[in-house]
Amino acid sequence: MGALFTRNRIIGLVFAAIIAAVDQVIKWYVTTVLGINRIGDNMELLPFFDLTYTENRGISLGMLQATNMEMRWLLVLMTAAIALIVLVWMMREKLLGDILGLGLILGGAIGNIYDRYAFGYVIDFADFHIGDFRPFLIFNLADAAITIGVVIILARSLFVREKDESETDAAKDNGTIPSES
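Residues numbered from 1 in each chain as written. Predicted model: local features only at pLDDT ≥ 70, side-chain atom pairs only at ≥ 80, totals over all residues. Heavy atoms only, no water.

**Student:** Can you explain the nonpolar core? Please cite residues and give values.
**Tutor:** Membership of the largest hydrophobic core is limited to eleven residues, which are A16, A83, V86, M90, I99, L102, I105, L106, A109, I113 and I153. Elements represented by at least two residues in this core include exactly helix 2 (69–92) and helix 3 (96–119). Counting residues per element, this core draws most heavily on helix 3, at six residues. Not counting residues within four places of it along the chain, the set of residues in contact with I99 comprises N8, R9, G12, M90, E93 and K94. Formed by eight residues, the second largest nonpolar core is a distinct cluster that contains I36, L51, Y53 and I123. (Core = buried A, V, L, I, M, F, W, Y, C linked by side-chain atoms within 4.5 Å. Buried < 20%, exposed > 50% of the residue type's maximum accessible area, 1.4 Å probe, protein only. Helix = DSSP H or I, 4+ residues; strand = E, 2+ residues; numbered from the N terminus. Contact = heavy atoms within 4.5 Å.)

Listed below in C-alpha cells is the structure:
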C-alpha cells in the first residue's frame with residue numbers, strides 16, 4: 001500500500017482549498033464591494049453576462065428546498081457527506097487528471113457548504129444569457145467547478161481509462177505483458 005499523501009493528492013487538496021477560497025472571495029466581493037446583495041440586484045457586465053444576486057435554498061436546480069432549520073441542517077449534512085465521499089475517492093486516486101477533477105468537485109462543494117452553513121442558503125450571482133434566453137440557472141464559481149469536475153471525471157473514465165485498458169489488453173495478446181493468472 002502506497003503513501004496516503006502523495007504529491008498528486010497534495011496538489012489535489014491544495015487545488016480544492018484554492019477553489020473554495022476563491023469562490024468565497026468572489027462572493028464576498030460581489031455582495032460587499034459591488035453591493036449586489038439583495039435578491040434581484042443586478043449589474044450588467046457584458047451583453048450576455050450579468051451579476052444577479054439570488055439565494056439558492058435547495059440543491060441542484062433548486063430541488064430539496066430548505067424551508068426550515070431542520071431541512072437546512074439536513075442539506076448541510078447531506079452535502080458534507082457527499083464531499084467526504086469525494087475526498088475519500090480523491091485520496092484513492094493516483095492520476096493527477098482524476099485528482100484535479102475530484103479537487104474541482106471537492107472545492108466547489110466546500111464553497112457551497114460554507115454558504116449553507118453560514119447563511120442557510122448558497123449565494124448565486126453569475127447570470128449567463130443570450131437576450132432573454134437563459135441556458136443555465138444563476139450560478140457561482142463553486143457550481144461551475146463542480147460541473148467542470150464532473151465533466152472531467154466522466155470524460156476521463158470514458159476515454160482515458162478505456163484506452164489504457166485496450167492498450168494493456170493488446171500488449172497481453174502480443175505477449176509483451178505477462179497475463180495475470
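Right, picking up where we left off after that structure.
**Student:** Which residues make up the pattern of salt bridges, and what values do they have?
**Tutor:** All told, the structure shown has six salt bridges when counted by the stated rule. A salt bridge links D115 to K27; the nearest nitrogen and oxygen atoms lie 2.7 Å apart. With D115 in helix 3 and K27 in helix 1 (residues 7–33), this residue pair connects regions lying 88 residues apart in the sequence. With a relative accessible area of 2%, K27 lands in the buried category. Put simply, D127 and R134 hold a salt bridge, and the shortest N to O gap is 2.8 Å. Exposure remark for R134: the relative accessible area of 37% places this residue in the partly exposed category. Linked by salt bridges that have partners in common, D23, K27 and D115 make up one network. (Salt bridge = Lys/Arg side-chain N within 4 Å of Asp/Glu carboxyl O.)

**Student:** Explain the sheet that holds strand 2 (residues 49–56) to me, using residue names and the numbers behind them.
**Tutor:** Within a sheet, neighbouring strands are paired by backbone hydrogen bonds and run either parallel or antiparallel to one another. Taking strand neighbours across the sheet as the criterion, the three strands line up as 1-2-3 in an open arrangement whose pairing is antiparallel. The open sheet has two edge strands, strand 1 (42–46) and strand 3 (122–128), and neither has a second partner. Each strand of the sheet is rotated relative to its neighbour by a mean of 30 degrees, with strand direction disregarded. Taken together, the six bridges between strand 2 and strand 3 define a ladder with antiparallel strand orientation. Bridged to D50 within strand 3 is D127. (Pairing = 2+ DSSP bridges. Axes fitted to C-alpha atoms, helices over the stretch in contact; angles between N-to-C directions.)

**Student:** Any details on the packing of helix 1 against helix 2? Residues and values, ideally.
**Tutor:** Contact geometry of helix 1 with helix 2 gives a least axis separation of 9 Å together with a crossing angle of 150 degrees. Judged by the angle between their axes, helix 1 and helix 2 are roughly antiparallel. Between helix 1 and helix 2, the contacting residues are R9, G12 and L13 on the first element and L87, M90, M91 and R92 on the second. In terms of residue class, the contact of helix 1 with helix 2 is made up of four nonpolar, one polar and two charged. (Parallel < 35°, antiparallel > 145°, perpendicular 65-115°, else oblique. Nonpolar A, V, L, I, M, F, W, Y, C, P; charged D, E, K, R; others polar.)

**Student:** Please provide a residue-by-residue account of the packing of aromatic side chains, values included.
**Tutor:** This model, assessed by the stated rule, comprises five aromatic pairs. Relative to F128, the ring of F48 has its centre 6.2 Å away and its plane inclined at 70 degrees; by these criteria the two rings are edge-to-face. You can see F48 sitting in the loop between strand 1 and strand 2 and its partner F128 sitting in strand 3, a full 80 residues away along the chain. Exposure remark for F128: the relative accessible area of 25% places this residue in the partly exposed category. Both rings, one in F119 and one in Y121, keep their centres 5.9 Å apart while their planes meet at 25 degrees; by these two values the pair is stacked. Taking the relative accessible area as the measure of exposure, Y121 reaches 13% and is therefore buried. Ring pairing ties together the aromatic residues F48, F128, F136 and F139, which thus form one cluster. (Phe/Tyr/Trp six-rings, centres within 6.5 Å; stacked < 30°, edge-to-face > 60°.)

**Student:** Please set out helix 1 residue by residue, giving values where relevant.
**Tutor:** Relative to the 39 Å expected for 27 residues at 1.5 Å per residue, helix 1 spans 37 Å between its end C-alpha atoms, a close match to the ideal helical length. Listed as buried for helix 1 are N8, R9, G12, A16, I19, A20, D23, K27, V30 and T31. Just past helix 1, the residue G35 takes up positive phi, approximately 70 degrees. (Expected span 1.5 Å × (residues − 1).)

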